[in-house]
Amino acid sequence: MCTLHANSAREALVKMCTLPLLAGENVSAGFVVPTVAASVDLVVHLGTDHRGHRRVREVIGVTGRAEGDVIETSELYSYVDGQLRRGDGYPPHAERYEQAGYELGELLGDGLTGSPRASSGARSY
């Protein structure tokens, strides 16, 4: 688990990929991007509301796949019209939740049981 400052969950992934490249020529995007994609499962973005309270604005799942310099993500939750709404994405590694005794569909609040949806909702950013 870590924290970093970014304007969105996807921007946080970009920062995680960019900052190691500042170390010099011995580190390349070809190494960093797939490593970040394989190492991060979820990104939770917090923002402040008009009262200055922190609120969850977005939750994305990182599928573990990368094409070139782009990491594939799936939207789990996003803040729309003053509410955090369930997206159509599904987090990676559903089996880890089941092994820990959790029903992933119930945790996500979408009533799904068993395996992930047929449509993963994965997107590339």
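Parameters at a glance
- Residues numbered from 1 in each chain as written.
- Predicted model: local features only at pLDDT ≥ 70, side-chain atom pairs only at ≥ 80, totals over all residues.
- Heavy atoms only, no water.
- Helix = DSSP H or I, 4+ residues; strand = E, 2+ residues; numbered from the N terminus.
- Buried < 20%, exposed > 50% of the residue type's maximum accessible area, 1.4 Å probe, protein only.
- Areas by Shrake-Rupley, 256 points an atom, 1.4 Å probe, with all protein chains shown as cover.
- Salt bridge = Lys/Arg side-chain N within 4 Å of Asp/Glu carboxyl O.
- pLDDT = per-residue confidence, 0-100.
- Contact = heavy atoms within 4.5 Å.
- Pairing = 2+ DSSP bridges.
- Phe/Tyr/Trp six-rings, centres within 6.5 Å; stacked < 30°, edge-to-face > 60°.
- Lys NZ or Arg CZ within 6 Å of the ring centre and 35° of its normal.

1. Considering the overall build of the protein chain
When you go through the protein chain residue by residue, the secondary structure sums to four helices and five strands. Secondary structure of the protein chain in N-to-C order comes out as α-α-β-β-β-β-α-α-β. Looking at the protein chain residue by residue over its 125 residues, the buried ones come to 32%. For the protein chain, the exposed surface amounts to about 8,000 Å²; the carbon and sulfur share of it is 52%.

2. Structural notes on the pattern of salt bridges
One pass over the structure, following the stated rule, counts four salt bridges. A salt bridge links Glu72 to Arg65; its shortest N-O distance comes to 2.5 Å. Given a relative accessible area of 18%, Glu72 falls into the buried group. For Arg65, a relative accessible area of 46% translates into the label partly exposed.

3. A short note on the confidence of the model for the protein chain
Per-residue confidence for the protein chain gives a mean pLDDT of 86, with 88% of residues at or over 70. Across residues 112-125, confidence stays below pLDDT 50; counting only partners more than four residues off in sequence or on other chains, it has 44 contacts.

4. A few points about the pairing of strand 4 (residues 83-86)
Here four bridges tie strand 3 (residues 70-80) to strand 4, and the two strands are oriented antiparallel to one another. Pairing of Val80 across the sheet is with Gln83, part of strand 4. From the end of strand 3 to the start of strand 4, which pair antiparallel, there are two residues, and Asp81 there has a positive phi angle of about 50 degrees.

5. Details of the packing of aromatic side chains
For any pair of aromatic rings, geometry is given as the distance between the ring centres together with the angle between the planes. Inspection of every chain in the model, using the stated rule, returns zero aromatic pairs. Cation over ring: Arg57 sits above Tyr79, and NZ or CZ is 4.2 Å from the ring centre. Positioned above the aromatic ring of Tyr77 is the side chain of Arg86, whose terminal nitrogen or guanidinium carbon lies 5.7 Å from the ring centre.

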